[in-house]
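Here is how the chains run, residue by residue.
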Amino acid sequence: MAEESKSRAGGIRLWRNARLATMAESSAGLGVVEHGAVAARDGRIVYAGPESGLPAALAQDAETIDCEGRWVTPGLIDCHTHLIHAGNRANEFEMRLAGATYEEVARAGGGIVSSVKSLRAASQSDLVAQSLPRLDALIAEGATTVEVKSGYGLDLENEKKSLRAARQLGEQRPVTIRTTFLGAHALPPEAKGDKDAFIDLVAKEILPAIAAEGLADAVDGFCEGIAFSPGQMARVFDAAKAAGLPVKLHADQLSNLHGAELAARYGALSADHLEYTDEAGAVAMAEAGTVATILPGAYYFIRETKKPPIGLFRQHGVKMAVATDNNPGTSPLTSLLLTMNMAATLFGLTVDECLAGVTREAARALGLLGQTGTLEAGKSADLAIWDIESPAELVYRMGFNPLHARIWRGQ
Ligand code: DI6
Ligand code: FE
């Protein structure tokens, strides 16, 4: 009770006796502070740094939490998910185990279109109920912000249903949800093979209606032989621009259609996957400030062998985010910790790159770097507190969750 009245009076919460990985861009590496403290007021960080530098006024009236020497990082951010979907595609997994490729399954009428059927048959509350356990798995590992795409509805009504279900997730759990409209994900059966006509529908009718209702924070597309061409994606991006929405792109996942350059040309927040991206793509992304979102779960699950050009991204200064790509077809993955392990093991990302990839760079990939992703004054008090001896353990372990506590907007 005494604690509560204090917090009401001063409104300050203080986490002290902590080892911080602030992930601040201005600091080297992880921005480690060995004897650190974080103070928050009204859900925002007002101080993050050495305990010895904590202003006395903040310490005085604070409700204080002793972290007992634990590590504190920014809350984790999953910047690329298709969390809202219905059913699963374990049957296709078995087909692929028997030798079929992802593209063969898609061409045989499986793939994304089978998830479209399931999603259209599900009600909005069904979708929320089916997706909450996936969100809860991310939250249980310290996620405080999760991006959620539509893209299994593929008509106005079902895309709206998906995005509303995504927004509802954020009302039912203490987590920030960012929604992305992915209308140009696949060709629905009723389009009867006419990709251009479907792109017209997406660009001229569905996207403007979704934007007018404020259901999407960004627009995404799948630029690939089995999906849409760069020219078709450009029409969707023009419509996004007209609606005032930022764009991102599933680019160069299965082949090099120069999706990275297309994304860069439109000033995309991120281009994602990028296994087949070449040097021109990396250079264009660096110049545009487009984040490379690395998705090792999909690479692993479809047993891809071409790795994204991490060396080129480093060489040209492209920022790298790391995300689950949670989806029923190519990445049924709901663990950011395991995703970091995969990024390190499969692609050779360093521990520092992995941790930045699920915090600061993931925030950048969502256009949220001003609000979250690092432990710095002015940002949302989104924290993860870990029972670990060193940050490398977050990347090193597989299938183990050392989260001690998670704080979202100071609570
Ligand atoms: N790339 C992917 O890996 C997912 N979507 C995309 O554009 C796959 C989605 C699915 O197979 O359901
Ligand atoms: Fe994806």
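Residues numbered from 1 in each chain as written. Chains lettered and ligands numbered in written order. Predicted model: local features only at pLDDT ≥ 70, side-chain atom pairs only at ≥ 80, totals over all residues. Heavy atoms only, no water.

A word on the packing of aromatic side chains
Piece 1. Throughout the structure, instances matching the rule amount to four aromatic pairs.
Piece 2. On the numbers, 6.0 Å between centres and 25° between planes, the contact of F198 with F228 is stacked. Of this pair, F198 sits in helix α8 (residues 195–212) while F228 is found in the loop between β9 (218–223) and α9 (230–242), placing the two residues 30 residues apart along the sequence. F228 shares its class with F198; the two are buried.
Piece 3. Between Y299 and F347 the ring centres are 4.8 Å apart and the planes differ by 75°, which places this aromatic pair in the edge-to-face class. Of this pair, Y299 sits in helix α12 (residues 296–301) while F347 sits in helix α14 (residues 336–347), and the two are 48 residues apart along the sequence.
Piece 4. For Y299, a relative accessible area of 7% translates into the label buried. (Phe/Tyr/Trp six-rings, centres within 6.5 Å; stacked < 30°, edge-to-face > 60°. Helix = DSSP H or I, 4+ residues; strand = E, 2+ residues; numbered from the N terminus. Buried < 20%, exposed > 50% of the residue type's maximum accessible area, 1.4 Å probe, protein only.)

Focus: the packing of α8 against α9
Piece 1. Contact geometry for α8 and α9: axes closest at 9 Å, N-to-C directions at 5°. As the angle between them shows, α8 and α9 are arranged roughly parallel. In this structure, α8 uses K195, D196, I199, D200, V202, A203 and L207 to contact α9, whose residues at the interface are Q232, R235, V236, A239 and A240.
Piece 2. Residues of the contact of α8 with α9, tallied by class, amount to seven nonpolar, one polar and four charged. (Axes fitted to C-alpha atoms, helices over the stretch in contact; angles between N-to-C directions. Parallel < 35°, antiparallel > 145°, perpendicular 65-115°, else oblique. Contact = heavy atoms within 4.5 Å. Nonpolar A, V, L, I, M, F, W, Y, C, P; charged D, E, K, R; others polar.)

Describing the coordination of the iron ion (ligand 2)
Piece 1. Protein coordination at the iron ion (ligand 2): the donors are H80 (NE2), H82 (NE2), H250 (NE2) and D325 (OD), at 2.1 to 2.2 Å from the metal.
Piece 2. Around the iron ion (ligand 2), the four donor atoms are arranged such that angles at the metal cover 81 to 166°; this shape is classified as irregular.
Piece 3. Sequence spacing of the donor residues for the iron ion (ligand 2), all on one chain, is H-x1-H-x167-H-x74-D.
Piece 4. Residue H82 is classed as buried on the basis of its relative accessible area, which comes to 2%. (Donors = N, O, S within 2.8 Å, 3.2 Å for Na, K, Ca; no water. Tetrahedral: all angles 85-135°; square planar, octahedral: opposite > 155°, others 65-115°.)

A closer look at α8
Piece 1. The end-to-end C-alpha separation of α8 is 24 Å, in line with the 26 Å expected for 18 residues at 1.5 Å each.
Piece 2. Approximately 40° is the largest bend angle found in α8, and it occurs at V202.
Piece 3. Of all the positions in α8, only F198, I199, V202, A203, I206, L207 and I210 are classed as buried.
Piece 4. Where α8 starts, the residue carrying a side-chain oxygen 3.3 Å from the main-chain nitrogen of D196 turns out to be D194.
Piece 5. Downstream of α8 by a residue or two, G214 has a phi angle that is positive, lying close to 65°. (Expected span 1.5 Å × (residues − 1). Bend = angle between axes of the 7 residues up to and from the residue. Polar contact = N/O pair within 3.5 Å; in protein donor to acceptor, adjacent residues only side chain to side chain.)

Let's talk about the environment of T324
Piece 1. Tracing the chain through its elements places T324 in the loop between β13 (320–322) and α14.
Piece 2. Residue classification places T324 among the buried residues on the basis of a relative accessible area of 0%.
Piece 3. Taking the C-alpha atoms as reference points, T324 and S335, 11 residues apart in sequence, are found 6.9 Å from one another.
Piece 4. In contact with T324, other than residues within four places in its own chain, are D78, H80, T81, L138, S331, L333, S335, L336 and T339.
Piece 5. A distance of 2.6 Å separates a polar atom in the side chain of T324 from a polar atom in the side chain of D78.

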